[in-house]
Structure formats: C-alpha cells, structure tokens
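Architecture and fold: a report
Single-letter residue listing:
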Amino acid sequence: MSMTPEQQWLLVGCGLIAHADEVLHVGEWESALRLIDYAISEPDRERWRAIFADIDELEDHFVRLPPLDADRRRGILHRCWKMALVDGGASDIEETVHDRLARRLGITDEEVAAWREAWTQEAYDYAEMVAGLAAAFVNLDGELGIQEAIRFEQLLERLPLPIGRRLELPHLLHRPPALEPLTERLAALGLDDRLAALAVLVPLLGASERGGRERDAYYEIAARLRIERDAADRLIAQILGA
C-alpha cells in the first residue's frame, strides 16, 4: 500500500475511536478522511474504508503500525481526539481508547490527559466559530427557512460544547456574527479544521429552498477558507449524495 505511516496511524486511531461505543455511525468514515486531508489514492481509500468498518481488522493493523518520528506523535493524537469530538463530545470509553493510542506512541497517561484538556478547550472555541459561520450562512440572503433553523439546531447538538452554552447559541440565528472576520479566523486554521467548518454548511445547503443562491454563497465561503472547488464539491457529494 502507498499509505504513509502517519496516514495509517490516523485511520487506525480514528477507526478505533469510532468503534469505541461499539457502533460505527454514518459519517464517521468521512470525518476520518477529513482528518487526513483526503490525501490518499482511490484504491487505498476503498481498501481502508473496509478496514475502518471492521474492528478486528483495525486491531490487527494496530499491533503492526509502523513507528513514528517523535515530532509527529502529538499531531496524530490531536487529530484522533478530534475524531472523539465529532459527534458532540468525547465519552469515557473514547478517552480510554485514546490513552491506549498514546501509550503505543510512548506518551504517558498524564501527559496526554493534559493535552486533551487543552485540545478540548480549543474545540470549544472552534465550535463557537463554526456555529457562527452556520448562522451567518443561512442569513446571507436575509431569509431564514424553517428547515434551516431545524438543521442549525441539529448542528448545535453535535458540537463539542458545554450543554449550557449549547442552549444559548440558537440566538445566533437572529443575530449572526459578521462573516468576513469569522472566515478570516477560520482561514488561518489547518486544512482539516477548514474542511470540517465547510462541511457543517452542507446540510444547511440541502435544507434551503433557495438552492442556487445558497450554493453560490457556499462556494464563496469555500474560497474564503482557501478550499479548492473540487474539495468543496466532494463534501456536497459525500454528505448530500449529489
């Protein structure tokens, strides 16, 4: 296979975390792909999709993962922790799996626990930006549809935020933040974070009754986030199947 050691670690690590609750949810494979920047060939993608769906295959690959340079280990663990947060927050069992990945990389439980605390706070800050981006997006044409409001509420349920803050954020639909400074902040982040931010807009795009105008706005935001048109199209295809 042409997969790099880092890509193999990411897919196995994300896969083990995705299986931690013994249920592989729809969209978790796509979330893992975003965390490795989609940078794998189509044959490798199909092979690894099958591995990702099979916990026994993942366990077999886990014990045979290649060594990693020391300067890459923290980044791998960071992205795997993002996988734990994609459905709104990490569980105790996901934390246990993450500890296991860390130990395999030679990182102590105490050290990775401190990292997770910092990463979780970063995730809270990022979630606030994503919620703001979604609210600004559905208000770009000055109209807010019922389905858009419902999808926005569903988005908030999946964001890694304290429950109290999640209950406060619906007000953004009626007082959205300014788009330009928000996209500037997001554009400064890594590609996986930018792709994840753009991905949250796709269900809102599908909920809009003004598809053509909303799609133009989607591509405009993709450009502001420094995301290529083909990557933006791929998100639509993966999430909406169109």
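Up top is the structure.
Residues numbered from 1 in each chain as written. Predicted model: local features only at pLDDT ≥ 70, side-chain atom pairs only at ≥ 80, totals over all residues. Heavy atoms only, no water.

Description of the nonpolar core
F137, L198, L201 and Y218 are the most contacted members of the largest nonpolar core, which has 42 residues in total. Among the elements of the structure, α7 (109–138), α8 (146–158), α10 (179–187), α11 (191–199), α12 (201–207), α13 (211–224) and α14 (229–240) are those that each provide at least two residues to this core. Residue contributions to this core peak at 11 residues, all from α7. Excluding residues that lie within four positions of it along the chain, L198 makes contacts with Y218, I221, A222, L225, I227, A232 and L235. (Core = buried A, V, L, I, M, F, W, Y, C linked by side-chain atoms within 4.5 Å. Buried < 20%, exposed > 50% of the residue type's maximum accessible area, 1.4 Å probe, protein only. Helix = DSSP H or I, 4+ residues; strand = E, 2+ residues; numbered from the N terminus. Contact = heavy atoms within 4.5 Å.)

Details of the packing of aromatic side chains
Under the counting rule described, the total for this entry stands at four aromatic pairs. Residues W115 and W119 carry aromatic rings whose centres are separated by 5.8 Å and whose planes lie at 45° to one another, so their mutual orientation is tilted. Placement of the pair is W115 and W119 together in helix α7, with a separation of four residues, close to one helical turn. With respect to class, W115 is no different from W119; both count as buried. We note R229 situated over the ring of Y219; from NZ or CZ to the ring centre the distance is 3.5 Å. (Phe/Tyr/Trp six-rings, centres within 6.5 Å; stacked < 30°, edge-to-face > 60°. Lys NZ or Arg CZ within 6 Å of the ring centre and 35° of its normal.)

Some points on the side chain of E28
Considering the arrangement of structural elements, one finds E28 in helix α2 (residues 28–35). A polar contact of 2.7 Å, which involves the side chain of E28, links it to the backbone nitrogen of H25. (Polar contact = N/O pair within 3.5 Å; in protein donor to acceptor, adjacent residues only side chain to side chain.)

A look at the packing of α7 against α10
Two elements in contact, α7 and α10, have axes separated by 10 Å at closest approach and are oriented at 140°. Classified by the interaxial angle, the pair formed by α7 and α10 is oblique. In this structure, α7 meets α10 at a crossing whose hand is left-handed. The residues of α10 that touch α7, namely those facing Y126, M129, G132, L133 and A136, are L179, L182, T183, R185 and L186. Across the contact of α7 with α10, the residue classes tally to seven nonpolar, two polar and one charged. (Axes fitted to C-alpha atoms, helices over the stretch in contact; angles between N-to-C directions. Parallel < 35°, antiparallel > 145°, perpendicular 65-115°, else oblique. Left-handed = near helix turned anticlockwise from the far one by under 90°. Nonpolar A, V, L, I, M, F, W, Y, C, P; charged D, E, K, R; others polar.)

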